[in-house]
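Observations on the model geometry
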Amino acid sequence: MTKSNEMSWGFCPTCSLWMQLLNVFMFSTDHIYEALLYTDINLDSVEPDSVLQEDHIKMIVQKSGMKYKSAKLKEEKERKNTDAVKRPPADPADLTPRPPVVTILGHVDHGKTTLLDSLRKTQVASMEAGGITQHIGAFLVHMPSGEKITFLDTPGHAAFSAMRARGTNVTDIVILVVAAEDGVMQQTIESIEHAKNAGVPLVLAINKCDKPEADPERVKKELLAYDVVCEEFGGDVQAVNISALKGENLMVLAEATVALAEMLELKADATGLVEGTVIESRKDKGKGPLTTAIIQRGTLRKGCVLVAGKTWAKVRFLFDENGKAMDAASPGIPVEIMGWKEAPSAGDEILEVESEQRAQEVVAWRTYVEQQEKLKKDIEVIEAKQKEHRLEYKKKQEKLAHLTWRQRKAVLYKANKHLMFSRPKERTEMDENTLSLIVKGDVDGSLEAILNILDSYDCEDECKLDIVYFGLGDISENDISLAEAFNGVIFGFSVKANESIKKLADKKGIKIKLHNIIYKLVDDLKDELNCRLPSTVVDTTIGEASVLDTFSVTVGKNKIPVAGCRVHKGLLDRKMKFKLIRNRDVIWKGCLSSLKHHKDDVQVIKTGMDCGLSLDKNLEFNIGDEIICYEEKEVQQTTSWDPGF
């Protein structure tokens, strides 16, 4: 704080010396002691927890070259809760039947997307990168019998566990797909847990039964260990043997799903304000932020005003899974919504409100609540730091307790003298051992999954991982600027970078890594981490020899120890480095001063040959010592981070 600044704060006559002066002004205690010399206070009676009168505090502020201004502390009025909430449960008489929401879960590559593709007769599987579903899709299927079923297609591999969990939160029935030849796998078990936690009934689809190695009975028996008991074993889980690729028994599976839905008597209130859940969010260049949602109550139409998370929308258009415009979406129907101000997060609750003004009130309240929660956490961190600093200060003071305040000042001045004339080092460049990332994704769920993978990074001691920015949409100039500022790398998942962006990145030396398959993105990320690790030196053994005899030769006035050796493996090359090993301990490393075969100086001794050698250090040899000839090679280290797949 500079001189002539005005201070405006409310004095607290019961606060201690530390709370009033150390925390507010950041004065040192010695500075305060000096200022107190100008008062009538007896310094010998002043302790760190002493209470100062208001007049003394004002005088200290003035003697420090500052002005003060007394002001009353403002008390913030409690803000009225203006959040939107769900309506009370509907009258059973108002409920009407709705389509079941069915989630297809299972292990990667067990045929979930192929099954869904066969059911709705579109080419989803052929469009998916690497044949693996990368983000949630919600689709309505019309059965030949006239029933409708809403399917959620969730990713199967390990990276997308959170998305599968979210899918079960809005679902009525889970179809568990297990490959007949593979049996129960890691994601199969996770899928069962998601269904159990959500209290959702299962229908078992044993896929790939057309393969010769298929064993459906083994699958059913393996599932018993996870409390999935099929009807033939006395349980209530329907099991259907299918071949999604060939379309075998798919109608039997659909009928089993419809039968279970009828038993559940699924109904909803199609009147009143809309309630729903965001399944997925993405950004479209022409349409702006879009969400895929499942309507759970009310009927959604164009013009409705919705809130989700900390954003809102006035619905401009509704689209089905094929991109065709819809007039309305009733409970159980998947719909893509256009008109959001910002993209909400996947899993957010959608609520309809009466007007745009009301929507803005709700968003403002939710933003305020989030800020208050953040402020509360920040205060907790600050208080913890203050407590830590006070304890450190107390320990220092205890060490100096036997000194007068003048003596303490002299001791502290000597201890901190070197700091007074040093300037803080400015950070001119990023640490070489840090990988800064800018992550862009096509949809909210994909981005969430990538960030979950990055959260598992636990090798900060090898290379720090710094996520500078993450967001939705194609690579932009802003991303290039961030990457340049932080010396970072841009990773894009199912997004694009146009030619002008690529040229700009090349000009500035920025790497852009674009991927459509999650595990390839992770492999590329690990390569980038490896590049930032220092190389390590590895000793490669070239030859080994045993000491059979020892003697010495006289060179001038010095006696030089010589070892008579026989090479029993590889060769000895005088240009290389050598180790002397005795009783399995390395007692010397270095170079040879001479290497002879009989009386001739030689460069190389091969396996089976005898030789005499001396070291560049005067060390006595023992019979039985081992001489190792080796070469030092630099090897690139690899990260020990294991993301789980």
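This one's a predicted model, so the numbers in the text were calculated from it and none came from an experiment.

Across the sheet, which stays open at both edges, the 4 strands sit in the order β21-β20-β22-β23 with parallel pairing between neighbours. Either end of the sheet is taken by a strand with one partner, and the two such strands are β21 (464–472) and β23 (511–515). Each neighbouring strand pair of the sheet contributes to a mean axis angle of 20°, computed without reference to strand direction.

Positive phi values are uncommon outside glycine, yet serine 494 reaches one of about 60°. Along the polypeptide, serine 494 turns up in the loop between β22 (489–493) and α14 (499–508). Accessibility expressed as a relative area gives 27% for serine 494, which makes it partly exposed. Phi is positive for arginine 584, which is not a glycine, with a value near 70°. Within the element layout of this structure, arginine 584 appears in the loop between β26 (577–582) and β27 (585–590).

So, on to the pairing of strand β31 (residues 610–615). Of all 6 residues that make up β31, 5 are buried, and the element is covered over most of its length. Inspection of the sheet shows strand β25 (residues 558–573) paired to β31 by 4 bridges, in the antiparallel sense. Considered in β31, the bridge of glycine 564 is made with glycine 612. Pairing analysis gives 4 bridges linking strand β28 (residues 592–597) to β31, with the strands arranged antiparallel. Directly across from leucine 595, in β31, lies its bridge partner leucine 613.

With that out of the way, let us pick up the packing of aromatic side chains. For the structure on display, the rule yields 3 aromatic pairs. Considering the side-chain rings of tyrosine 457 and tryptophan 641, the 5.3 Å spacing of their centres and the 75° angle between planes classify their relative orientation as edge-to-face. Here tyrosine 457 is found in the loop between α12 (444–455) and β21, whereas its partner tryptophan 641 is found in the segment after β32 (626–635), with 184 residues between them in sequence. Of the two residues examined, tyrosine 457 and tryptophan 641, each falls in the buried class. Here the guanidinium or amino end of lysine 287 rests over the ring plane of phenylalanine 319, the centre of that ring lying 4.1 Å away.

Turning next to the pairing of strand β20 (residues 434–441). With 8 of its 8 residues buried, β20 lies for the most part within the structure. In β20, alternate side chains face the same way, and those of Thr434, Ser436, Ile438 and Lys440 on one face and Leu435, Leu437, Val439 and Gly441 on the other are all buried. Taken together, β20, α12 and β21 form a β-α-β motif whose crossover is right-handed.

Remark: helix α13 (residues 477–486) packs on α14, axes separated minimally by 10 Å, with the N-to-C direction vectors making an angle of 15°. Taken together, the axes of α13 and α14 are roughly parallel relative to one another. Considering how the two elements wind past one another, α13 and α14 form a crossing that is right-handed. For the pair formed by α13 and α14, the contact residues are Glu477, Ile480 and Glu484 on the first element and Ile501, Leu504, Ala505 and Lys508 on the second. Class assignment for the residues of the contact of α13 with α14 results in 4 nonpolar, no polar and 3 charged.

Criteria and cut-off values
- Residues numbered from 1 in each chain as written.
- Predicted model: local features only at pLDDT ≥ 70, side-chain atom pairs only at ≥ 80, totals over all residues.
- Heavy atoms only, no water.
- Pairing = 2+ DSSP bridges.
- Helix = DSSP H or I, 4+ residues; strand = E, 2+ residues; numbered from the N terminus.
- Axes fitted to C-alpha atoms, helices over the stretch in contact; angles between N-to-C directions.
- Buried < 20%, exposed > 50% of the residue type's maximum accessible area, 1.4 Å probe, protein only.
- Phe/Tyr/Trp six-rings, centres within 6.5 Å; stacked < 30°, edge-to-face > 60°.
- Lys NZ or Arg CZ within 6 Å of the ring centre and 35° of its normal.
- Right-handed = clockwise from strand over helix to strand, strands pointing away.
- Parallel < 35°, antiparallel > 145°, perpendicular 65-115°, else oblique.
- Left-handed = near helix turned anticlockwise from the far one by under 90°.
- Contact = heavy atoms within 4.5 Å.
- Nonpolar A, V, L, I, M, F, W, Y, C, P; charged D, E, K, R; others polar.

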